[in-house]
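# Coordinates in review
One-letter residues, chain by chain:
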Amino acid sequence: MKLAHLRIYAMRITLVEDNTSLAKGICYRLQDAGHAVDLLHDGLEAQSYLMSDGADMVILDINLPGVDGLTLLKEIRDRDDMRPVILLTARAETEDRVIGLDAGADDYLIKPFEMAELEARVRALLRRRAVPQQRMQSFGALSYDATGRQLFAGDVEIELPRREMSVFECLLGADGRLVSKNTMLDYAYGVGADVEETVVEVYVSRLRRRLGPHGVQIRSQRGLGYQLLLADDP
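When helices and strands are tallied, the protein shows eight helices and 11 strands. Across the 234 residues that make up the protein, the buried fraction comes to 44%. Partitioning the contacts of the protein with sequence separation of at least 6, the portion at a separation of at least 24 is 57%.

See below:
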């Protein structure tokens, strides 16, 4: 199979920032770029959340109520959790930046900053952590490249808009188990996003039309959710 060049793919990002207006601005910008964002405003809440959130990247303010960002960062690294972390801070002194980087941060942004710069830092960290090998997963006649975020039927790529791709990934990752609408929304948009559940029905309907000709179906169970199955599954 001839695959396209490696692409920078969308991620799940956990953002911990107590400045509400700044946090909303960051969320909107990252979501516009196709990423799902889970937003927390309190360090104490983030302390337990970051132990099992499963995000690909963390954007972390240093000055947080409850538990400060540097403490959270040290705890992340003490768990051998090596996902990228970008620190946000109003502290501009070189010594403060050194402390943050020595604590295990991958990057450091000083407030105020331009949203375009934050996006560029996110892209740079994505490129840095991208693996050169293609991680392919087969499902019936389909092949999914998790690294490039591409779906193929034979040698032909099935083009999916980014939200539909997120819903497909969520279903594929469930290995045939039922996935609730809320879970699918959280995966596609981030936890707590102000999006109606009916959006999932639209994405599922479109995916059915795209995947059906390739022997893949999305079965629904009323009130429970959806599951991804091969057409000949009982």
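And the narrative resumes.
Turning next to the nonpolar core. Ranked by size, the top nonpolar core spans 28 residues in total, and within it Leu151, Phe168, Leu171, Met184, Leu211 and Leu228 carry the most contacts. Looking at this core, the elements that each hand over two or more residues are β7 (142–145), β8 (150–153), α6 (162–173), α7 (181–189), α8 (198–211), β10 (216–221) and β11 (225–230). The leading source of residues in this core is α6, at six residues. Once residues within four sequence positions are removed from consideration, Met184 is found in contact with Val167, Cys170, Leu171, Val179, Val200, Val204 and Tyr226. One finds Ala23, Leu30, Leu109 and Leu118 within the second-largest nonpolar core, a separate group that totals 20 residues.

Moving on, we come to the pattern of salt bridges. Per the stated rule, a full pass over the model turns up 12 salt bridges. Where Asp61 meets Lys111, a salt bridge forms, and the shortest distance between an N and an O atom there is 3.1 Å. You can see Asp61 sitting in strand β3 (residues 57–61) and its partner Lys111 sitting in the loop between β5 (107–110) and α5 (115–129), a full 50 residues away along the chain. Overall, the relative accessible area of 2% leaves Asp61 in the buried class. Residue Glu164 pairs with Arg210 through a salt bridge whose shortest N-O separation is 2.7 Å.

Before going further, it helps to examine the sheet that holds β3. Strands in a sheet are paired, the pairing made by backbone hydrogen bonds, and the direction either parallel or antiparallel. Read across the sheet, five strands follow the order β2-β1-β3-β4-β5 without closing on themselves; strand pairing throughout is parallel. Each of the sheet's edge strands pairs with one partner strand only, and the pair in question is β2 (36–40) and β5. When strand polarity is set aside, the average angle formed by the axes of neighbouring strands in this sheet is 20°. Relative to the sheet, helix α3 (residues 69–78) contacts β3 and β4 (85–89), its axis offset from that of β4 by approximately 170°.

Think of an α-helix as turning once every 3.6 residues; residues three or four places apart then point the same way. All of the buried residues along α7 are Met184, Leu185, Ala188 and Tyr189. In a view along the axis of α7, the buried residues occupy a sector of 105°, so they form one face of it. The elements touched by buried residues of α7 are α1 (20–32), β2, α6, α8 and β11. Positioned one or two residues after α7, Gly190 has a phi angle of 105°, which is positive.

This part covers the side chain of Gln31. Along the polypeptide, Gln31 turns up in helix α1. Classification of Gln31 as buried rests on a relative accessible area of 18%. Ignoring anything within four residues of it in the chain, the contact list for Gln31 reads Val37, Arg162, Arg163 and Tyr189.

Bringing α6 into the picture now. Here α6 is 12 residues long and its end C-alpha atoms lie 16 Å apart, about the 16 Å a rise of 1.5 Å per residue gives. By the criterion of burial, α6 is predominantly enclosed, with 10 of the 12 residues buried. Those residues of α6 lying buried are Arg163, Glu164, Met165, Ser166, Val167, Phe168, Glu169, Cys170, Leu171 and Leu172. Asp175 lies just past α6 and shows a positive phi near 55°.

Cut-offs used in this document
Residues numbered from 1 in each chain as written. Predicted model: local features only at pLDDT ≥ 70, side-chain atom pairs only at ≥ 80, totals over all residues. Heavy atoms only, no water. Helix = DSSP H or I, 4+ residues; strand = E, 2+ residues; numbered from the N terminus. Buried < 20%, exposed > 50% of the residue type's maximum accessible area, 1.4 Å probe, protein only. Contact = heavy atoms within 4.5 Å. Core = buried A, V, L, I, M, F, W, Y, C linked by side-chain atoms within 4.5 Å. Salt bridge = Lys/Arg side-chain N within 4 Å of Asp/Glu carboxyl O. Pairing = 2+ DSSP bridges. Axes fitted to C-alpha atoms, helices over the stretch in contact; angles between N-to-C directions. Arc of directions from axis to C-beta. Expected span 1.5 Å × (residues − 1).

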